[in-house]
Amino acid sequence: MRGRLALLASAVGNVVGAYAASVDVFVGTAELGHLTPAAACPFGFVQAGPDTSERPDKFVSDWRHCAGYQHADPYVWRFSQTHLFGTGCLALGDVAVMPCVEGFDVVSVPARKVKDSERGEPGFYAVALDEGDVRIGCEVVARPHAAVYRFTWPSNSVARLLVDMDWGLGCVDDDKCFAKNVRSATCKITDLPSKDVSGGHRIWTWNDYEVHFAMSLSVPVRVVRTRREADGVRGVIRELDFGRLADGVLEVRIGLSSHSSEAAKRNLQSETSGRDFAELRRISAAEWSELLGRVELGEETPSDVRANFMSALYRAMIQPNDLGDVGEKPVYSTFSLWDTFRAAHPLYTLLTPERVPDFVTSLLDQCDRQGYLPIWSLGCGENHCMIGHHAVPVIVDACLKGLVPLEQVERAYRAVRQSLTVNHKPVNDGTWGLVKEDWDVLDRYGYYPFDKLSGWYEGRHVIGESVSRTVECAYDDACAARLATALGRTKDAAYFSRRAQNWRNVYDASVGFVRGKDSQGKWREPFNPFDIGLGPWLKNDFCEGNAYQYTWHVLHDPVGLVELLGGRRRAGERLDELFSARSASVDEASGDLNCTGCIGQYAHGNEPSHHIAYLYAYTDRPHRAADVIRQICMTQYFPRPNGLCGNDDCGQMAAWYVFSVLGFYPVDPCGGDYVIGAPQVPHAVVKFGAGRTLTVVARNLSSENRYVKSVTLDGKRIEGLVMRHADIVRGGTLEFEMGLAQ
């Protein structure tokens, strides 16, 4: 078996293409990245891989294991088929399996991971496990709706497989996390010996959803032992016994569906039938190489930058996840919108525009079901996590860029208007489902007073995040106003444009920061701009940030913000102060780790800061952006397991890096403007299809020559520091002349 794993390692580079070979699937799998090396296809339902633990006596699913995995963990408890990539909450881990041997009870004891045996590539994962004195080789390749495992025991070993429908990623002992609750579960095997297993479960962790499966085995099951039977609260666990395998190999094929085990079987047959393991691996690798190859970096790109870039591009393309069955229309979920509206979704409009119409349709369909656009969509349901209504900029951006069919634009506008004007139905059932936005309050005061907030969470009144909600909702209103204007809805456009200025109502000129205000117009006292908001049920005014960061959260009106701060010079000084102030603190008592990756009070580990470096373009010192962008790229991204400074958040951290390396960023991510930053590679080609490419050239680029002196697109000089999406996607040559600071 050891020789076979060595052969596997040497074969990895031969299977994947040149682009996928540069991806390190282990980046961000340690510490704060909350990522997993699980095998996945682009935007697929399945992310198949290990759920690990540092403890041999108990599987502990905590905040560090939101993806079910930590790179340093020595133990593997299960292989499950669905995972979240880079979030801050626990969920999924569905349809778990685990290879077993005689005399080793994997229900209560984990297997030990063989040190240095892990291998991975886009679409594929492998590891060796020790169970007592028996070593088992484990390999898995992903298809969009299926996972195919190849388990290898020593020859003539008794092979067993645990199918665990009681499994799921959620906390049990820590009430600060989401407790796993299996509502119902089935695991059916009939007419032994059999090669077919089917079932499913309905589970609640972050929200309520269900997953069904169909399993096809290369060797028939001879004996089935029930280790746990469903009783309405816990799931069902079966142990399948295959007897002695002459060659030691068992292949397990698992299809998934959100509808039924019959649909899961059809998905499995469609995506795997007639193809062996090696061919499926090649197919998945080819799909990744085609997608990753849409951006080609020049040969002179440093190896660490190439690895960072391609690994980031890979992470950005794992979600949203298509839960629709094969042959049916795509149904996307896993929309971490508070994070991804900022850069990930604008990146999709550039690199995967063919998927954007279905993203929008999926958001609109969920709106039809629940009465308002998704806030955080998982399993095609709502978990009400985070603030604002950031499906709005995603949808409006797609409409304004012409990526939504005309017959859908009116439907999109109705959903946007309804979501931003009709109060949502409160959810006060003790789950995570609190409703934070209250349009009546916002319209009455022009801001969210910290003493007039609505919503409950586990019996606690929502009293926090008032400033963050005000400024983030103002951005959504600005986006709604743009679509209303485009459609000739002048009255609506005026209404939303007025609300888009609400951010001004929480700016206190006497201190120079946004700040909490009550319904009488009195500022919250005491005030400390360093204080970090730690939750909606605590007395604070910010969501995973503070006044230093949220004062700059005016994505739609940076010119107005600069004027309010005292003009271009004073705004430049304030940005310098932000990046040189003492670093943000972490409240250890609360366990909050959102303000990480700090450069002064800039916190790259969380999304509210991501656009701030580019705001130098609106000040008297635009060259400073090059210094800060380079510093972030060089100090917050490394091609190693602990190489990320914070949660990747479903590709947002990754998308920031992709844009920044290319030299521009969507500060205002709705409508198609990109602010010019400073490219980090001398040459790149972005492929848009239909023969259109954008060649990015940074002449004379070096660590010293990091400043942009001029920019031309097809020889025409770009005046100012903003480029239009429509100009970029037409293709051509985008040329940066780099030099020393003046």
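If you're wondering where the values come from, they're calculated on a predicted model, not measured in any experiment.

Q: Provide a residue-level description of the overall build of the chain, including the pertinent values.
A: Across its full length, the chain holds 18 helices and 35 strands. Computed over the C-alpha atoms, the radius of gyration of the chain is 26 Å, within 12% of the 27 Å expected from 2.2 N^0.38 for a compact globule of 742 residues. Expressed as lengths along the three principal axes of its C-alpha atoms, the size of the chain is roughly 80 × 60 × 50 Å. Put simply, the chain has 742 residues, and 64% of those count as buried. Here the chain has roughly 25,900 Å² of accessible surface; of this, 49% comes from carbon and sulfur atoms. Computed over 79 positive and 93 negative side-chain charges, the separation of the two mean positions in the chain equals 1 Å.

Q: Describe helix H16 (residues 624-635), with residues and values.
A: In a regular helix each residue adds 1.5 Å, so 12 residues correspond to 16 Å; H16 covers 17 Å between its end C-alpha atoms and thus fits that length. What H16 keeps buried is the set Ala625, Ala626, Asp627, Val628, Ile629, Arg630, Ile632 and Cys633. Contacts from the buried residues of H16 go to helix H15 (568-580), strand E26 (598-599), strand E27 (602-603), helix H17 (652-662) and strand E32 (707-713).

Q: So what's going on with unusual backbone geometry? Residues and values would help.
A: Here the amide bond leading from leucine 192 into proline 193 is cis, since omega sits at -5 degrees, within 30 degrees of zero. Checked against the element boundaries, proline 193 lands in the loop between strand E11 (181-188) and strand E12 (194-204).

Q: I'd love a proper account of the environment of arginine 414, names of residues and values included.
A: You can see arginine 414 is positioned in helix H9 (residues 406-421). Exposure remark for arginine 414: the relative accessible area of 53% places this residue in the exposed category. In sequence terms arginine 414 and lysine 195 are 219 residues apart; their C-alpha atoms lie 50 Å from each other.

Q: Requested: an account of the confidence of the model for the chain, with residues and values cited.
A: Should pLDDT be low for a region, the predicted coordinates there are not to be read in detail. Averaged over all residues, the pLDDT of the chain equals 92, while 93% of them reach at least 70. Within the model, pLDDT remains below 50 along residues 1-13, and this stretch shows 19 contacts once partners closer than five positions in the same chain are excluded. Low pLDDT, under 50, characterises residues 586-592; the stretch is placed with 10 contacts to residues that sit more than four places away or in other chains.

Q: I'd like to hear about the sheet that holds strand E34 (residues 722-724), residue by residue, with values.
A: Sheet strands pair by backbone hydrogen bonding; their relative direction is either parallel or antiparallel. Spatially, the three strands line up as an open sheet ordered E28-E29-E34, and their pairing is antiparallel. The sheet is open, and its two borders are formed by strand E28 (664-665) and E34, each paired with just one other strand.

Q: Run through the sheet that holds E32, naming residues and quoting values.
A: Across the sheet, six strands lie side by side as E17-E30-E31-E35-E32-E33; this open sheet has mixed pairing. The open sheet has two edge strands with one neighbour each: strand E17 (295-297) and strand E33 (716-717). Two strands pair when backbone bridges link them, and E32 and strand E35 (residues 732-739) are joined in this way by six bridges, in the antiparallel orientation. Its bridge partner being in E35, threonine 712 is matched across the sheet by glutamate 735.

Q: So what about the pattern of salt bridges? Which residues, and what values?
A: Scanning the model with the defined rule gives 51 salt bridges in all. Between arginine 228 and aspartate 166 there is a salt bridge; the shortest N-O distance is 2.5 Å. Of the two residues, arginine 228 sits in strand E14 (residues 223-228) while aspartate 166 sits in the loop between strand E10 (157-164) and E11, which places them 62 residues apart along the sequence. The exposure class assigned to arginine 228 is partly exposed, which follows from its relative accessible area of 28%. Through salt bridges with shared partners, one network takes in Glu102, Asp105, Arg160, Arg225, Arg227, Glu239 and Asp241.

Q: Just give me the short version of the packing of helix H8 (residues 391-400) against helix H11 (residues 466-486), but keep the residues and values in it.
A: In the contact formed by H8 and H11, the axes pass within 9 Å of each other and the chain directions differ by 30 degrees. By the angle class used here, H8 and H11 are roughly parallel. Of the two elements, H8 crosses H11, and the hand of that crossing is left-handed. Mapping the contact onto sequence places Val392, Pro393, Val396, Cys399 and Leu400 in H8 and Tyr475, Asp476, Cys479, Ala480, Arg482, Leu483 and Ala486 in H11.

Q: Run through the environment of leucine 420, naming residues and quoting values.
A: Structurally, leucine 420 can be placed in helix H9. Classification of leucine 420 by relative accessible area gives buried; the value is 1%. Aside from chain neighbours lying at most four places away, what touches leucine 420 is His389, Val392, Trp439, Asp476, Asp477, Ala480, Phe496 and Arg499.

Q: Please provide a residue-by-residue account of the packing of aromatic side chains, values included.
A: For the coordinates displayed, the defined rule picks out 30 aromatic pairs. Judged by centre distance (5.3 Å) and plane angle (15 degrees), the ring pair of tyrosine 149 and phenylalanine 151 falls under stacked. For the pair tyrosine 149 and phenylalanine 151, one class covers both residues: buried. For the ring pair tyrosine 637 and tyrosine 657, a centre distance of 4.6 Å and an interplane angle of 40 degrees mean the geometry is tilted. Of this pair, tyrosine 637 sits in the loop between H16 and H17 while tyrosine 657 sits in helix H17, placing them 20 residues apart in sequence.

Q: Describe the packing of helix H6 (residues 344-351) against H17, listing the residues and the values that go with them.
A: For the pair H6 and H17, interaxial distance at closest approach is 8 Å and the crossing angle is 55 degrees. Overall, the two elements H6 and H17 adopt an arrangement that is oblique. For the pair H6 and H17, the crossing hand works out as left-handed. Along the contact surface, H6 presents Ala344, Pro346, Leu347 and Leu350, while H17 presents Gln652, Ala655, Val658 and Phe659. Here the contact of H6 with H17 is composed, by residue class, of seven nonpolar, one polar and no charged.

Q: Quick one: what's the story with the state of the cysteines, residue by residue and with numbers?
A: In the structure shown here, the tally under the stated rule is zero disulfides. In this structure cysteine 138 is a free cysteine whose sulfur lies 11 Å from that of cysteine 100, the closest cysteine sulfur available.

Q: Outline the pairing of strand E30 (residues 683-689), listing residues and values.
A: Moving residue by residue along a regular strand, the side chains alternate between the two faces of the sheet. Strand direction decides the pairing type here: E17 and E30, joined by three bridges, are antiparallel. Each bridged residue has a counterpart across the sheet, and for glutamate 296 the counterpart in E30 is valine 685. As paired elements, E30 and strand E31 (residues 692-699) share six bridges and run antiparallel to each other. When the sheet's bridge partners are listed, valine 685 is paired in E31 with threonine 695. The turn joining E30 and E31, which pair antiparallel and follow one another in sequence, is formed by two residues; a positive phi near 55 degrees is taken by alanine 690.

Q: Outline helix H2 (residues 261-272), supporting the account with residue identities and numerical values.
A: Note that an α-helix has 3.6 residues per turn; residues three or four places apart therefore point the same way. Between the first and last C-alpha of H2 there are 16 Å, a value that for 12 residues agrees with the 16 Å anticipated at 1.5 Å per step. Buried residues along H2 sit in contact with strand E8 (134-143), strand E9 (146-152), E12, strand E13 (208-221), strand E16 (249-257) and helix H3 (277-292). Just beyond H2, the residue with positive phi is glycine 274, at close to 80 degrees.

Cut-off values and rules
Residues numbered from 1 in each chain as written. Predicted model: local features only at pLDDT ≥ 70, side-chain atom pairs only at ≥ 80, totals over all residues. Heavy atoms only, no water. Helix = DSSP H or I, 4+ residues; strand = E, 2+ residues; numbered from the N terminus. Rg over C-alpha atoms; globule rule 2.2 N^0.38 Å. Buried < 20%, exposed > 50% of the residue type's maximum accessible area, 1.4 Å probe, protein only. Areas by Shrake-Rupley, 256 points an atom, 1.4 Å probe, with all protein chains shown as cover. Lys, Arg positive; Asp, Glu negative; His and termini not counted. Charge placed at Lys NZ, Arg CZ, Asp CG, Glu CD. Expected span 1.5 Å × (residues − 1). Contact = heavy atoms within 4.5 Å. pLDDT = per-residue confidence, 0-100. Pairing = 2+ DSSP bridges. Salt bridge = Lys/Arg side-chain N within 4 Å of Asp/Glu carboxyl O. Axes fitted to C-alpha atoms, helices over the stretch in contact; angles between N-to-C directions. Parallel < 35°, antiparallel > 145°, perpendicular 65-115°, else oblique. Left-handed = near helix turned anticlockwise from the far one by under 90°. Phe/Tyr/Trp six-rings, centres within 6.5 Å; stacked < 30°, edge-to-face > 60°. Nonpolar A, V, L, I, M, F, W, Y, C, P; charged D, E, K, R; others polar. Disulfide = S-S within 2.5 Å.

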